[in-house]
Every structure is written in structure tokens, then in C-alpha cells.
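Tertiary structure, described
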Amino acid sequence: MNSSSNADAGHLDSALLFLSNEPETLAFLLGWFLPPAAIKVCLKAGRRKLPPLYPNPARFLAEQLGSRDGSRKKSASFLLLALPNEKPCPSKWVSKKNIKLIHPSAFFSALRNKLLSEHLDDWKTAAKWIASCADIYPTADDSDEETQRQKRSEAKKKSSAAEVENKKLKKDKINLEQRLSQAQIKLAEAAEQLGREHKRRAELRDEMAQLRAEIHDKSTRAKSLKKKLTTASSSSTRETSLAEALENAQHQVSVLQKKFALTHEERDDLRGVLEDYDKFRELPKEVVASFRGRPLLAEEQRIQESLAARNGSGGNQLRILVVGGGEPQHRHKGKLMEYAHELGISTEWRMAEYQSWHKEISKLRDDMRNHFDGLIILHWNRTTFTRKCREICTQENRLDFTCHYEGFSNLRESMVKLLELLIQKETPPTK
């Protein structure tokens, strides 16, 4: 029940309490709208029972409403449902002389407004109207078969609607449970991957600590050797031994410094990987419309025309490899295939390899040598892997382009720029 219904029930309860001072008048109101069965329910709510063979149940209930809160509240709820809520007749029309000329629903709607008012004067007016119409309207009857039939029909409709709603809710529940299960699987996979990265990071920290210890140990040994050499008997022998020890120590320090720098680079690279992983999860889900049957941008149309002319003159179709990104980006892999088909090129998109990236280098070298004309490197890659990719493209005389990927539009722009460079590379300069 909403706040408006609560307020109406409260006002009607107060009006009934006021009318209980005149039980005879109140009995007419109750008799018009409450059948004997409903009156018994109201009496039961106030812990009262209708005496056997009592001639006027409505009068008995009216006598109880002043002292029985439960009966009064239950009567108010029944009346709130029974009183019509249609267009009321003007108050000035209601009089004993005119009452038979007013439609019952218009009169009872006006009476409802008075009873639901919070003003005492309106309740007094309602009492006057009820007294004027005391013998005009019949009392409610439990045996109204048409009413019972309508109620049964309405109950059946409500039951059918409830059944449909229950089926819909069950279907929604199953769908939500399936989505929850899929989300839990993805969350478990992400947690497992994150655990592996944290473990690798811990191993790098241990390796760095070990290298620092080795550097400290070598430095200590070098100092010890220098001290021992100073106590040698021959100055020339001391100088020779010291020079050899110094050269050896410098070589070891140089090697350790390179290892230390490489470890630092690996650590920073790994930190970038973890940050990329967090960004994967923070990026909003992007919806890319289909490219089939949709007009391309002006610069894309120029590229499309140049490629069509190139292919028509016997040239091979340009092949572009895209490397990088995680599962959220690869949901658009099909859109990339559509886009490439519209432009007139062939393409392939491979996910980023974060841990065993060095295993991909030999395959990438063969691909750029024999299978692809250009490479787009998304920024979702290991720094060392990206550097190796550029070195391979330089060695194999292939063009590469780095794309800062925040959405599919970034990849689209990078593809256009790379294709422009490839077309310019193949087009001989004009004299």
C-alpha cells in the first residue's frame, strides 16, 4: 500500500470514529457496502461476535466501532474498496429532495470524498447526507451471484497473470544464474592469472636481492684481495696481481650491473603488465556496429579506392598483422575482419603474450618475412616484446605502427595510417 492509500485509510478511520457517535446513521453506511459476511470479519477483527439471530448486523457493528479499533480499521479497509471512486456530483446538488435524481455512483463518489477528508465539517456533511438517504439504497447482500461470479473471474485473471509473471521471473532467475556462473568462471581465471603474475614478481624481487648480495660479496672480495696484495714481498708482483684482480673484479661488476639493469627492466615491464591487466577490467564494454553496408569515412574510402586499383592491376592483397590486447579487446576480432574485408585487405589479430613472449619471436620473424606486409603493435604488450617486434620489422624491411588502444576507433585510425604509408612506399615518386 502506498503513502496515499495509507493517508486515505487513516482519514476514513477517523471519520468512522466520529460517526460512531451516531450508530443509527453509521449503520446505514455500513449496511449499504458491507454484506453480512464482511460485517462478521470486521467484528472478528475487534474480537467480537455477532449475537445469534441479531436483526441488524450493521447496527451491531456500528455500536462497536467507537471502542473496537480492530473492527474500525477493518471496516475502513472494506469501505475504501467498496466506495466508488468516479466523478462525484456537486455537493450543492445533494439534498433529500434531489437525492433520487442523482446517480448512485456520483452520490457515493461525493460521499467518499467527504469521508476521506481530514476536516470535521466534511464528516458532519457526510453524516447529514447518510441520514437523508437512509431508506433509499438497499443493503449489501452476500448472495449476489453476479458479483461472486465477477470476483471469481477477477481472481482467475489475477491467478493467470501471477502464473505468467512467475514463469517470467523463473526464466529471469535462470538467466541471471547462468550469467553469474560465467562471471564467476571469468573471475576465477583472472584471479589465477593475477596470482601467476604476483608469483613472478616475487621471484624477480628474490633474484634482485640475490644479485645485490653477489655484488656486495664481489666488492668485499676485491677489497680483501687489494689488502692482501699490499702485504706482498715484491712490488712488481703486487702490482701484477692487483691489476689482474682489478680487471677480474671490474669484469664481474660489469656483468652483475648488466644483470641488475636487466632485472630492473623486467620488473618495470612486469609492473606495466599488471597495470595493463587492471586497465583491461576497468575499460567499459565497447559496442562496435557492423561495417557491412555502412559508409566508410572519407580517408577510408580513399584507401579503399587505392587498394581496389592496386589489386585490379595485378598487385597482391596487402596483409596486416595486429599483435596485442587481451580478451576484452579480442571480442572485436570479428569486427576487424569485417573492416578489413570492406577495405580490401587481409588481416590477423593475435593476443598479447605476457610471460613466454620470447617464444613468439621466431614465429613473428617468419611471418613478417613471408606472410605480412605491415605490423600494428597495440600498447597492451610487454615493452621488451614491442622492442623486438620493431627490430624484426626493420630487419625485414616491413612497416610497423604502434597503436595506443583504448577502443576500436584507435585501431581503425592506426590501420588507415599504416595503409597510407604502405601505399606511399609502393607508389614511385612523380618526376
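Here we summarise the structure given alongside this text. (Residues numbered from 1 in each chain as written. Predicted model: local features only at pLDDT ≥ 70, side-chain atom pairs only at ≥ 80, totals over all residues. Heavy atoms only, no water.)

Concerning the overall build of the protein
So the rule is basically this: Helix and strand assignments follow DSSP, with helices taken as H or I runs no shorter than four residues and strands as E runs no shorter than two, numbered in order from the N terminus. Remark: exposure states derive from per-residue accessible area (1.4 Å probe, protein chains only) relative to the maximum for the residue type, with buried under 20%, exposed over 50%, and partly exposed in between. It only takes one pair of heavy atoms within 4.5 Å for two residues to be counted as in contact. Calculation of accessible area relied on Shrake-Rupley with a 1.4 Å probe; when residues are assessed, cover is drawn exclusively from the protein chains displayed.
Secondary structure assignment for the protein yields 15 helices and four strands. Buried positions account for 33% of the 431 residues belonging to the protein. Once local pairs closer than 6 in sequence are excluded, the contacts in the protein between residues at least 24 apart make up 76%. For the protein, the accessible area works out to roughly 27100 Å², and carbon and sulfur atoms hold 52% of it.

As for the environment of Phe 372
Along the chain, Phe 372 falls in the loop between α13 (361–370) and β3 (374–378). Exposure remark for Phe 372: the relative accessible area of 8% places this residue in the buried category. Sequence separation between Phe 372 and Ser 346 is 26 residues, and the spatial gap between their C-alpha atoms is 9.1 Å. Discounting residues that sit within four places of it in the chain, Phe 372 has contacts with Arg 319, Ile 320, Leu 321, Glu 348, Arg 350, Asp 367 and Arg 398.

Topic: unusual backbone geometry
The residue Arg 47 is not glycine, and still its phi comes out positive at about 60°. Its location among the elements puts Arg 47 in the loop between α3 (36–45) and α4 (57–64). The exposed category is assigned to Arg 47, whose relative accessible area is 80%. Notably, Asn 397 is not glycine yet its phi reads approximately 60°, a positive angle. The exposure class of Asn 397 is exposed, given its relative accessible area of 51%.

A short note on the nonpolar core
Note the threshold: Each nonpolar core is a collection of buried residues, namely Ala, Val, Leu, Ile, Met, Phe, Trp, Tyr and Cys, held together in the definition by side-chain atoms within 4.5 Å.
Core analysis: the largest hydrophobic core is formed by 42 residues, its most contacted members being Leu 29, Leu 30, Trp 32, Leu 79, Phe 107, Leu 111 and Leu 115. Counting residues per element, the ones that place at least two in this core are α1 (3–19), α2 (23–33), α3, α4, α5 (69–82), α6 (104–115) and α7 (120–132). Once you skip the residues sitting within four places of it in the chain, Leu 29 turns out to touch Leu 16, Leu 19, Leu 79, Leu 111, Leu 115 and Ile 130. Residues Leu 336, Leu 343, Trp 349 and Ile 423 belong to the second largest nonpolar core, which totals 26 residues.

Structural notes on the sheet that holds strand β4 (residues 399–403)
To keep things clear, this is the line we draw: By this definition, two strands are paired if DSSP reports at least two bridges between them. Here, axes are lines fitted to C-alpha atoms. For helices the fit covers the stretch in contact, and angles between N-to-C directions go from 0 to 180 degrees.
The strand order across the open sheet formed by four strands is β2-β1-β3-β4, and the pairing between neighbours is parallel. A single partner strand is all that each edge strand has here, and the edge strands are β2 (346–350) and β4. Each strand of the sheet is rotated relative to its neighbour by a mean of 15°, with strand direction disregarded. Where β3 lies against β4, five bridges are found, and the strand directions are parallel. Within β4, the position partnered with Gly 374 by the bridge is Leu 399. Running at roughly 165° to β3, helix α14 (residues 383–395) makes contact with β1 (319–323), β3 and β4 of the sheet. Where helix α15 (residues 408–426) meets the sheet, it contacts β1, β2, β3 and β4, and its direction lies at approximately 160° from that of β4.

Concerning the packing of aromatic side chains
Basically, it comes down to this: When the centres of two rings from Phe, Tyr and Trp lie within 6.5 Å, Trp using its six-membered ring, the rings pair. Their planes under 30 degrees apart give stacked, over 60 give edge-to-face, and anything left gives tilted.
On inspection of all chains with the given rule, the structure shows eleven aromatic pairs. Taking 6.2 Å as the distance between ring centres and 40° as the angle between the ring planes, the aromatic pair formed by Phe 18 and Trp 123 counts as tilted. With Phe 18 in helix α1 and Trp 123 in helix α7, the pair connects residues that are 105 residues apart, well separated along the chain. Owing to a relative accessible area of 12%, Trp 123 belongs among the buried residues under this scheme. Arranged with centres 5.5 Å apart and planes meeting at 80°, the rings of Trp 32 and Tyr 137 form a pair that is edge-to-face.

Digging into the side chain of Arg 72
You can see Arg 72 is positioned in helix α5. When sequence neighbours within four positions are dropped, the list of residues in contact with Arg 72 reads Asp 13, Leu 16, Leu 17, Leu 65 and Gly 66.

Describing the packing of helix α10 (residues 298–312) against α15
Here is the rule we go by: Throughout, the term roughly parallel applies to angles under 35 degrees, roughly antiparallel to angles over 145, roughly perpendicular to angles from 65 to 115, and oblique to all others. Whether a crossing is left-handed or right-handed is set by the direction in which the near helix is turned from the far one by less than a right angle, anticlockwise for left-handed and clockwise for right-handed. Residue classes follow a fixed rule: Ala, Val, Leu, Ile, Met, Phe, Trp, Tyr, Cys and Pro count as nonpolar, while Asp, Glu, Lys and Arg count as charged, and any other residue, Gly among them, counts as polar.
Running from N to C, α10 and α15 cross one another at 40°; their axes reach a closest spacing of 10 Å. By the angle between their directions, the pair α10 and α15 is classed as oblique. With respect to the hand of their crossing, α10 and α15 are arranged in left-handed fashion. On α15, the residues touching Glu 299, Glu 300, Ile 303, Ser 306, Leu 307 and Arg 310 of α10 are Arg 412, Val 416, Leu 419, Glu 420, Ile 423 and Glu 426. Of the residues belonging to the contact of α10 with α15, the class tally is five nonpolar, one polar and six charged.

Quick look at the pattern of salt bridges
As a reminder, the rule being used: What counts as a salt bridge is simple: a side-chain nitrogen of Lys or Arg found within 4 Å of a carboxyl oxygen of Asp or Glu.
Applying the stated criterion across every chain, the model contains 14 salt bridges. Asp 69 is the partner of Arg 72 in a salt bridge, and the nearest nitrogen-oxygen pair spans 2.8 Å. Here the residue Arg 72 and the residue Asp 69 both occupy positions in helix α5, the gap between them amounting to three residues, near one helical turn. Arg 72 gets classed as buried once you look at its relative accessible area, which sits at 6%.

Things to note about the side chain of Thr 386
Topologically, Thr 386 is positioned in helix α14. Filtering out sequence-adjacent residues up to four positions away, Thr 386 remains in contact with Ile 377 and Asn 381.

Some remarks on α5
Using the following cut-off: In this analysis, the expected span of each helix is defined as 1.5 Å times one less than the number of residues it contains. In this context, the arc is that of the directions from the helix axis out to the C-beta atoms.
The end-to-end C-alpha distance of α5, which contains 14 residues, comes to 20 Å, matching closely the 20 Å that a straight helix rising 1.5 Å per residue would cover. For α5, every residue scored as buried is listed here: Ser 71, Arg 72, Ser 75, Ala 76, Leu 79 and Leu 80. Down the axis of α5, the sector holding all buried residues measures 165°, keeping them to one side. What points out from α5, more than 90 degrees from its buried face, is the exposed set Lys 73 and Leu 81.

A word on α7
Counted at 1.5 Å a residue, the expected span for α7 with its 13 residues is 18 Å, and the 19 Å between its end C-alpha atoms agrees. Buried residues of α7: Asp 122, Trp 123, Ala 126, Ala 127, Trp 129 and Ile 130, and no others. Angular distribution of buried residues about the axis of α7 spans 165°; they occupy a single face of the element. Every exposed residue of α7 that faces more than 90 degrees away from the buried side is listed here: Asp 121 and Lys 128.

The analysis is restricted to geometry; functional conclusions fall outside its scope.
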